[in-house]
Amino acid sequence: MKKLLALVLALALALPLGVTAFAADAEKVDLSLTGFDAGVLCDGDGVYYGPNDLIPPDSTVYLPFRIFAGENPDDPDEVGAWYGDRDNYKVKFDKGDDNTKMIKKISFVEKKFEARGWRCHALKIELAQDFSGDEFKLTPSVTFTAKRYLVDSISAEGGEPGNGVKGHYGFDTLEELNGASEGDVAFKDLTQGVYAPGSKMTMGLKFFMGNGERSADADFKAGDGGVVVKPQKNEDNEITWEDEKDTLAWLNFTSDDDAKKFFPKMTTKWDDQEYAEYFADQDAYLFDFIGNPQIASTSRATLRLRLPFVDEDGELSVDNESIVVYEVVDGELSPITQPGSIRETEDGDWVFEMKTRRLGTYIIAEKPAAAAEEAVEAPAEAESPAETAEEAPAEEAPAAPAKAILPSFAK
């Protein structure tokens, strides 16, 4: 399938180069190639999607020009390097006519794809975050416009003889082109493989972005995204988040009649340095529920976060009364630790436990932060201070995530 795709794309790429006139009478060519689906896209490692795959939000996909070369092992980036040469081509990107806000940026880059062993030029499309269960049709495109008189190699395909040119050449004037040659091939005699300045090739894509769906009785790896969970209506639900060693977080709740879907991604990675000075003299651990999703439950859900300060015997390695848990609320650290909120479960796990209707951004520290006196006072009981008690409407859109920002420290 990949060989067939490479052949089709190689032929498509050659089409705008074929002009019926001789080079001496070179004319502009304007060709639009549309309908490329998700099957031509891969992730950052070079793993390809299927033609009908749903691309996850907040991801980056690539269209490697490596496949336009027919997977030629001798010169894997020949075509990409040619189209990436800004002396020869002007490149214009278009987010299309559908859901343009879901595309953050389009660019043309050189990148190594580890799974393929390739280093090549590629179209790079960065997608926006989305916390819903909706699907979005995306129709981006890229247009290459010749800035000079260009001669390109055209292979013999489908009974056509090709043009006999092996390389790629650019000229400032038509006279220069007509006076040049490659071996026995005089460029002035070419009937294909010539670009006149202003010749265009537009490649159009159409694919779909969205989160998949899973039951709310589910286990996730920390950092997993690309899905929403649908609670079982009026039933008990349990979601867990794990790393390679342990379960990091547990969420238990009874869903209400609406059983509204929500985005369950939880990460333990810090992004940047804003709160570094608060925890510079200690270890601090992040539990960041992206999008701060609201939980469609009949009463407040129970959230438990694993305490990282445990020795090989399963005992706390710090005084439990010194441990402080913060929630990031409107960019501020709010302490939410209360008597009884730090405890050992029946399974022997030391956890911080709270009641909440909305998942937030939490930091577990072995002692108060250096600037803790600047944080707001803790609420009367261990619940999320970001929620509005029992009145928080289930249909309210999730708030944007308040990112806790510290040096990367995850276990």
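Numbers given for residues are sequential positions, taken from 1 along each chain in its written order. Local features in this predicted model are restricted to residues of pLDDT 70 or higher, and side-chain atom pairs are both shown and tallied only at a pLDDT of 80 or more, whereas totals for entire chains, interfaces and linings draw on every residue. As a convention, hydrogens and water are excluded, and side-chain values are obtained from all of the structure's heavy atoms.

(A) How the structure looks around the pattern of salt bridges. A pair is scored as a salt bridge if a Lys or Arg side-chain nitrogen falls within 4 Å of a carboxyl oxygen belonging to Asp or Glu. Under the criterion given, the structure shown has seven salt bridges. When the shortest N-O distance is used, the salt bridge between Glu 126 and Lys 124 registers 4.0 Å. We classify Lys 124 as partly exposed; its relative accessible area is 21%. A salt bridge links Arg 343 to Glu 353; the shortest N-O distance between them is 2.7 Å. Here Arg 343 is found in strand β26 (residues 342–344), whereas its partner Glu 353 is found in strand β27 (residues 350–356), with 10 residues between them in sequence. Residue exposure (1.4 Å probe, protein chains only): buried if accessible area is under 20% of the type maximum, exposed if over 50%, otherwise partly exposed. Strands here are runs of E lasting at least two residues and helices are runs of H or I lasting at least four, both read from the DSSP assignment and numbered beginning at the N terminus.

(B) Up close: the sheet that holds strand β9 (residues 149–151). The strand order across the open sheet formed by three strands is β10-β9-β13, and the pairing between neighbours is antiparallel. Taken across any chain shown, the strands that pair with only one partner, and hence form the sheet edges, are β10 (169–171) and β13 (194–195). By the bridge criterion, three bridges tie β9 to β10 in an arrangement that is antiparallel. In the strand pairing of β10, Val 151 is matched with Tyr 169. Two strands make a pair as long as DSSP finds a minimum of two bridges between them.

(C) Spotlight on the sheet that holds strand β7 (residues 135–138). Taking strand neighbours across the sheet as the criterion, the three strands line up as β2-β15-β7 in an open arrangement whose pairing is mixed. Edge positions in the sheet fall to β2 (54–55) and β7, since each of these pairs with one other strand and no more. The pairing of β7 with strand β15 (residues 207–210) spans four bridges and is classified as antiparallel. Residue pairing in the sheet places Phe 136 in a bridge with Met 209 of β15.

(D) Region of the structure containing the side chain of Thr 361. Structurally, Thr 361 can be placed in strand β28 (residues 361–365). Each polar contact in these results corresponds to two N or O atoms within 3.5 Å; when the atoms are within protein, one needs to be able to donate a hydrogen and the other to accept it, and residues that are neighboring in sequence are counted only if both atoms are side-chain atoms. Within polar-contact distance, the side chain of Thr 361 engages the side chain of Asp 288 at 2.7 Å.

(E) A look at a negative patch on the surface. On the surface, Asp 217, Asp 219, Glu 235, Asp 236 and Glu 238 cluster together to form a negatively charged patch. Mapped onto the elements, Asp 217 comes out in the loop between β16 (212–215) and β17 (218–221). Residue Asp 217 is classed as partly exposed on the basis of its relative accessible area of 39%. Here, patches come from residues exposed beyond 30% relative accessible area and free of salt bridges, joined within 9 Å for like charges and within 5 Å for nonpolar side chains (Val, Leu, Ile, Met, Phe, Trp, Tyr). All accessibility values rest on the Shrake-Rupley procedure with a 1.4 Å probe; residue burial counts only the protein chains present in the view. None of His or the chain ends enter the tally, which takes Lys and Arg as positive and Asp and Glu as negative. Where a charge lies is defined by one atom per residue type: Lys uses NZ, Arg uses CZ, Asp uses CG and Glu uses CD.

(F) Inspection of unusual backbone geometry at higher detail. Although it is not a glycine, Ala 259 adopts a positive phi angle of roughly 50 degrees. Here Ala 259 lies in the loop between β20 (247–254) and β21 (266–267). Taking relative accessible area as the criterion, Ala 259 reaches 3% and is therefore assigned buried. Despite not being glycine, Asn 292 shows a phi value in the positive range, around 45 degrees. With respect to the element layout, Asn 292 can be found in the loop between β22 (284–289) and β23 (301–306).

(G) Fine view of the environment of Thr 302. Tracing the sequence through the fold places Thr 302 in strand β23. Spatially, the C-alpha atom of Thr 302 lies 7.9 Å from that of Trp 250, the residues being 52 residues apart in sequence. Only heavy atoms matter for contacts: two residues are in contact if any of them lie within 4.5 Å across the pair. Leave out the neighbours within four places in its chain, and Thr 302 touches Trp 250, Leu 251, Asn 252, Glu 353, Met 354 and Lys 355. Reaching out from Thr 302, the side chain makes a polar contact with the side chain of Lys 355 at a distance of 2.7 Å.

(H) Molecular detail of the nonpolar core. Buried Ala, Val, Leu, Ile, Met, Phe, Trp, Tyr and Cys residues form a nonpolar core when they are joined through side-chain atoms within 4.5 Å. Of all hydrophobic cores here, the largest spans 35 residues; its most connected members are Tyr 83, Ile 125, Phe 144, Leu 205 and Phe 207. Listed in part, the 34 residues of the second largest apolar core include Ala 301, Phe 309, Val 318 and Ile 323.

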